Amino acid sequence: TASGGCQKIRGVQLHELLESKHNVLFDCDGVIWNGETAVAGAPEVVRALKQRGKRVFFVTNNCTRPRQSYVQKFARLGFADVDEQEIFSSAYCSAAYLRDVATFSGKVFAIGCPGVHAELRDAGISVVEEEEDGPDVNISNCALDPDVRAVLVGYDEKFSFMKLAKACCYLRDSECLFLATDPDPWHPLRGGRITPGSGSLTAALETASSRKATVIGKPSRFMFECIASQFDLDPESSLMVGDRLETDIVFGVNCGLSTVLTLTGVSTFEQAQVYKDSDEPKKKDFVPDYVVESIADFLEALEE
Ligand code: PLP
Ligand code: CA
């Protein structure tokens, strides 16, 4: 195999790679869509893989939507046959972690979009309700919930100093769990703009609390364990396809999967080569086995 080989492939070689795998894990943004636009050919690729008996999973660090809303997005973008059970988001997996892995009872103080709150509620986890603070409420007199035993941080467009301050108070208790949906620093928006990611909000809370969050999303192994606990999944026969070296490719390496970087998203071939040529051994974890221009290349490869 071409482990960490950073090898550009298409055609027959890509055909053989796909033949050798039973499960294909796709990152979403930058791989199968960019924002609200499907990557050209992506719906056909997913369909063709399934037609050939492959199992397809979607592994996204985007915590903003509940799973059901992803099903709708897939349908809207022309993916006719994507099932809720195939979608693993950092919000869904964070809720699964609290429910199944953490020996946890009590309430969660969640900083995050509605997707995070919805997944926590679906998993039967108690969440501190967000209430509007009155005009006289400030960081020294705001109410704290005595039942909070975990703080979860994810992407939150309504992030505020007050939320940071409250989370910081809860984390003074060393028994209080500190989780982050994902470590993403930023995300591309249309027109060359970017938005800060969950990782930037987590960093603020890590500094304020002098603690380190347990990351649930990629590159943490937990998302793969979450899929493997529901589907019989063997790393050897699984392929991870992503666009960000620091999350998707490291995730694949951490989980023992073969990795493919696709160039329709954040990371470039040149960045992958810089990691490959680095003298630091740790940087080798950022190097994909293979590189494709787009997952559309899978289509002609499958038809080879
Ligand atoms: N989180 C947020 C808030 C995003 O907007 C995005 C991408 O648009 C992501 C995470 C990354 O998602 P993915 O892991 O599917 O690339
Ligand atoms: Ca991505």
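Just so we're clear, the structure is a prediction, and the values are computed from it rather than from any experiment.

Asker: Looking at this structure, I do not really get the overall build of the chain. What am I missing?
Answerer: Helix and strand content of the chain: 11 helices and 16 strands. Against the globule reference of 19 Å for 304 residues, the chain gives a C-alpha radius of gyration of 20 Å, in line with a compact fold. Principal-axis analysis of the C-alpha atoms places the extent of the chain at approximately 65 × 45 × 40 Å. Counting every position in the chain, which comprises 304 residues, the buried fraction comes to 53%. Taking as baseline every contact in the chain between residues at least 6 positions apart, the subset at least 24 positions apart corresponds to 73%.

Asker: In this structure, what is going on with the pattern of salt bridges? I would like to understand it.
Answerer: Any two side chains of opposite charge can pair, given that their charged atoms come close. Considering all chains together, one arrives at 16 salt bridges under this definition. Between Asp 145 and Lys 107 there is a salt bridge, with the nearest N and O atoms lying 2.7 Å from each other. Within this pair, whereas Asp 145 is found in the loop between β8 (126–127) and β9 (148–153), its partner Lys 107 is found in strand β7 (residues 107–111), the two being separated by 38 residues in sequence. The exposure class assigned to Asp 145 is buried, which follows from its relative accessible area of 17%. Overall, the relative accessible area of 25% leaves Lys 107 in the partly exposed class. Ionic pairing is found between Arg 221 and Glu 225, a salt bridge with its closest N-O pair at 3.3 Å. For Glu 225, a relative accessible area of 37% gives the class partly exposed.

Asker: Honestly, the sheet that holds strand β13 (residues 214–215) in this entry has me stumped. Any pointers?
Answerer: A sheet is described by the order of its strands in space; here 5 strands give the open sequence β8-β7-β9-β10-β13, paired in parallel fashion. The open sheet has two edge strands with one neighbour each: β8 and β13. In the sheet, strand β10 (residues 177–180) pairs with β13 via 2 bridges, with the strands oriented parallel. Bridge pairing links Leu 179 to Thr 214 in β13. Running over the sheet, helix α4 (residues 90–101) touches β7, β9, β10 and β13 and is turned about 155° from β10.

Asker: Hey, could you run me through the packing of α4 against helix α5 (residues 114–122) in this one?
Answerer: A pair of packed helices can be characterised by two numbers: the angle between their axes and the separation between those axes. Contact pair α4 / α5: the axes reach a minimum separation of 8 Å and the direction vectors enclose 35°. Relative to α5, the crossing made by α4 is right-handed. Residue-level inspection shows Ala 91, Tyr 92, Ala 95 and Leu 98 of α4 in contact with α5, the latter providing Gly 115, Val 116, Glu 119 and Leu 120. Residue composition of the contact of α4 with α5, grouped by class: 6 nonpolar, 1 polar and 1 charged.

Asker: Honestly, the sheet that holds strand β1 (residues 7–8) in this entry has me stumped. Any pointers?
Answerer: Through backbone hydrogen bonds, the strands of a sheet pair up, either in parallel or in antiparallel fashion. The sheet built from 7 strands is open, its strands ordered β1-β16-β15-β14-β2-β5-β6 with parallel pairing. Taken across any chain shown, the strands that pair with only one partner, and hence form the sheet edges, are β1 and β6 (87–89). Direction of pairing for strand β5 (residues 55–60) relative to β6: parallel, over a ladder of 3 bridges. Bridging across to β6, Thr 60 finds its partner in Ser 89. Where helix α3 (residues 67–76) meets the sheet, its contacts fall on β5 and β6, and the angle it forms with β6 comes to roughly 125°.

Asker: Got a minute to help me understand unusual backbone geometry in this structure?
Answerer: Peptide bonds are trans in most cases, and residues, glycine excluded, mostly fall at negative phi. The omega torsion of the bond from Lys 218 to Pro 219 falls at 10°, within 30 degrees of zero and hence cis. For Pro 219, the position within the fold is in the loop between β13 and α8 (222–230). Even without glycine at this site, Cys 6 takes up a positive phi of about 55°. Tracing the backbone through its elements, the reader meets Cys 6 in the segment before β1. The backbone phi angle of Ser 210 is positive, close to 55°, even though this residue is not glycine. Checked against the element boundaries, Ser 210 lands in the loop between α7 (198–209) and β13.

Asker: Hey, could you run me through the packing of aromatic side chains in this one?
Answerer: The geometry of an aromatic ring pair comes down to the distance between the two centres and the angle between the two planes. Per the stated rule, a full pass over the model turns up 13 aromatic pairs. Plain terms: the ring middles of Phe 57 and Phe 88 are 6.3 Å apart, the flat faces sit at 65° to each other, and that makes the pair edge-to-face. Taken as a pair, Phe 57 in strand β5 and Phe 88 in strand β6 lie far apart in primary sequence, 31 residues in all. Under the relative-accessibility criterion, Phe 57 is labelled buried at 2%.

Asker: Please clarify how the side chain of Thr 195 should be interpreted in this entry.
Answerer: With respect to the element layout, Thr 195 can be found in strand β12 (residues 194–196). Residue classification places Thr 195 among the buried positions, given a relative accessible area of 13%. A polar contact is formed between the side chain of Thr 195 and the side chain of Tyr 155, at a distance of 2.9 Å. Every residue in contact with Thr 195, bar those within four places of it in the chain, is listed here: Tyr 155, Trp 186, His 187 and Leu 189.

Thresholds applied
- Residues numbered from 1 in each chain as written.
- Chains lettered and ligands numbered in written order.
- Predicted model: local features only at pLDDT ≥ 70, side-chain atom pairs only at ≥ 80, totals over all residues.
- Heavy atoms only, no water.
- Helix = DSSP H or I, 4+ residues; strand = E, 2+ residues; numbered from the N terminus.
- Rg over C-alpha atoms; globule rule 2.2 N^0.38 Å.
- Buried < 20%, exposed > 50% of the residue type's maximum accessible area, 1.4 Å probe, protein only.
- Contact = heavy atoms within 4.5 Å.
- Salt bridge = Lys/Arg side-chain N within 4 Å of Asp/Glu carboxyl O.
- Pairing = 2+ DSSP bridges.
- Axes fitted to C-alpha atoms, helices over the stretch in contact; angles between N-to-C directions.
- Left-handed = near helix turned anticlockwise from the far one by under 90°.
- Nonpolar A, V, L, I, M, F, W, Y, C, P; charged D, E, K, R; others polar.
- Phe/Tyr/Trp six-rings, centres within 6.5 Å; stacked < 30°, edge-to-face > 60°.
- Polar contact = N/O pair within 3.5 Å; in protein donor to acceptor, adjacent residues only side chain to side chain.

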